[in-house]
Amino acid sequence: IVGKACGQPVYRLLGGQARDNLPVYANGWYGSARTPQDYADKARQVVAMGYDGMKFDPFEQAWKTLDHAAMQSAEDIVAAVRQAVGEGVSLMIEVHGRLSAGSAIEMGRRLAKYNPAWYEEPVSPHSLDLLAEVHRALPFPVAAGERLYMLEEFARLANLRACDVAQPDLAHCGGLWMGKKIAALCQPQDIRLAPHCSIGPV
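Since the model is a prediction, treat every value here as computed from it, not as a measurement. (Residues numbered from 1 in each chain as written. Predicted model: local features only at pLDDT ≥ 70, side-chain atom pairs only at ≥ 80, totals over all residues. Heavy atoms only, no water.)

In this section: the overall build of the protein chain. Counting its secondary structure elements, the protein chain contains nine helices and six strands. Relative to a compact globule of 202 residues, whose C-alpha radius of gyration would be 17 Å, the protein chain shows 18 Å and is just as compact. Taking the principal axes of its C-alpha atoms as reference, the protein chain extends roughly 55 × 40 × 25 Å. Taken across its 202 residues, the protein chain has 43% of its residues classed as buried. A total accessible area of about 10,900 Å² is found for the protein chain, and carbon and sulfur atoms account for 54% of it. Between the averaged position of the 20 positive side-chain charges in the protein chain and that of its 22 negative side-chain charges there is a distance of 5 Å. (Helix = DSSP H or I, 4+ residues; strand = E, 2+ residues; numbered from the N terminus. Rg over C-alpha atoms; globule rule 2.2 N^0.38 Å. Buried < 20%, exposed > 50% of the residue type's maximum accessible area, 1.4 Å probe, protein only. Areas by Shrake-Rupley, 256 points an atom, 1.4 Å probe, with all protein chains shown as cover. Lys, Arg positive; Asp, Glu negative; His and termini not counted. Charge placed at Lys NZ, Arg CZ, Asp CG, Glu CD.)

Once that is clear, we can look at the packing of helix H5 (residues 101-111) against helix H6 (residues 128-137). The N-to-C vectors of H5 and H6 enclose an angle of 25°; their axes lie 10 Å apart at closest approach. On the basis of their axis angle, the class for H5 and H6 is roughly parallel. Where H5 crosses over H6, the two elements pack in a sense that is right-handed. On the side of H5, the interface is formed by Ala101, Ala104, Ile105 and Arg109, while H6 contributes Leu130, Glu133, Val134 and Ala137. Looking at the contact of H5 with H6, its residues break down into six nonpolar, no polar and two charged. (Axes fitted to C-alpha atoms, helices over the stretch in contact; angles between N-to-C directions. Parallel < 35°, antiparallel > 145°, perpendicular 65-115°, else oblique. Left-handed = near helix turned anticlockwise from the far one by under 90°. Contact = heavy atoms within 4.5 Å. Nonpolar A, V, L, I, M, F, W, Y, C, P; charged D, E, K, R; others polar.)

With 53 residues, the main nonpolar core has Trp29, Met54, Phe56, Phe59, Tyr119, Leu131 and Leu157 as its most contacted residues. Sequence-distant contacts of leucine 157, that is, excluding residues within four places in its chain, are made with Leu128, Leu131, Leu148, Ala162, Cys163, Ala166 and Ile191. Grouped together as the second largest cluster of nonpolar side chains are five residues, Met92, Trp118, Ala143 and Ala194 included. (Core = buried A, V, L, I, M, F, W, Y, C linked by side-chain atoms within 4.5 Å.)

With that out of the way, let us pick up the pattern of salt bridges. Within the structure shown, the criterion is met by ten salt bridges. The closest approach of N and O atoms between glutamate 94 and lysine 55, which form a salt bridge, is 3.9 Å. Note that glutamate 94 is positioned in strand E2 (residues 90-94) and lysine 55 in strand E1 (residues 53-56), a separation of 39 residues in sequence. Per residue, the accessibility class of glutamate 94 equals that of lysine 55, and both read buried. Overlapping salt bridges bring together Lys55, Glu94 and Glu120 as one network. (Salt bridge = Lys/Arg side-chain N within 4 Å of Asp/Glu carboxyl O.)

This next bit is on helix H9 (residues 175-186). With twelve residues, H9 ought to run about 16 Å at 1.5 Å a step, and its terminal C-alpha atoms sit 16 Å apart, in line with that. Among the residues of H9, those classed as buried are Gly175, Gly179, Ile182 and Cys186. One side of H9 carries all its buried residues, which in axial view fall inside an arc of 60°. (Expected span 1.5 Å × (residues − 1). Arc of directions from axis to C-beta.)

Pairing in this open sheet of six strands is parallel, and the strands run E1-E2-E3-E4-E5-E6 from one edge to the other. Two strands close off the open sheet at either side, each with one partner strand: E1 and strand E6 (192-193). Note that strand E5 (residues 165-166) and E6 share two bridges and pair parallel. Looking at E6, one finds that valine 165 is bridged to arginine 192. (Pairing = 2+ DSSP bridges.)

A few words on the state of the cysteines. One pass over the full model with this rule turns up zero disulfides. Cysteine cysteine 173 is unpaired, with the sulfur of cysteine 186 as its nearest cysteine sulfur at 10 Å. Using a relative accessible area of 5% as the deciding quantity, one classes cysteine 173 as buried. Its sulfur unpaired, cysteine 197 is 11 Å from the next cysteine sulfur, which belongs to cysteine 173. For cysteine 197, a relative accessible area of 33% translates into the label partly exposed. (Disulfide = S-S within 2.5 Å.)

Any functional reading would require information beyond the geometric quantities listed.
This is the structure we're talking about:
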């Protein structure tokens, strides 16, 4: 609104252009995949489109506790994707907040060998203490924040250093101006930002 009122592009209001491009990853590419081979075949297609990162949820109908068979199934899918795309492609493992802390940690340790770029929303989105517990237990980055809406929630996320990558959804948490405030909270804690957007390509 301020940009429209001033006749200025928003990037100038935010301090000027900082870069010419941004990294992106593919999501939603695995919708009809069922078997590890299905995931692997679709992952190759994603790489062929030019993406060097992809996010996916290998957990099927998981809820809180994963038994051995469910953990093995998820691991088999991640292993197949990693083998299909090689080590140069970033894999973001999406959990949609469905696991208990114990299952998230056990599963995360099984996935560590596949070098995930991050483990997204491993526990319920508002359980920041549990998120911090999972974060401390794993040797690779944890991401969260798309379902946090208040600045106070992000302040607590940052104070706990409950993740490595914060994902404020600017359509939900108050827009670009609030996004700047969230970024300022995260910066002193060395928390990176990957703004979330589920409603469009930008």
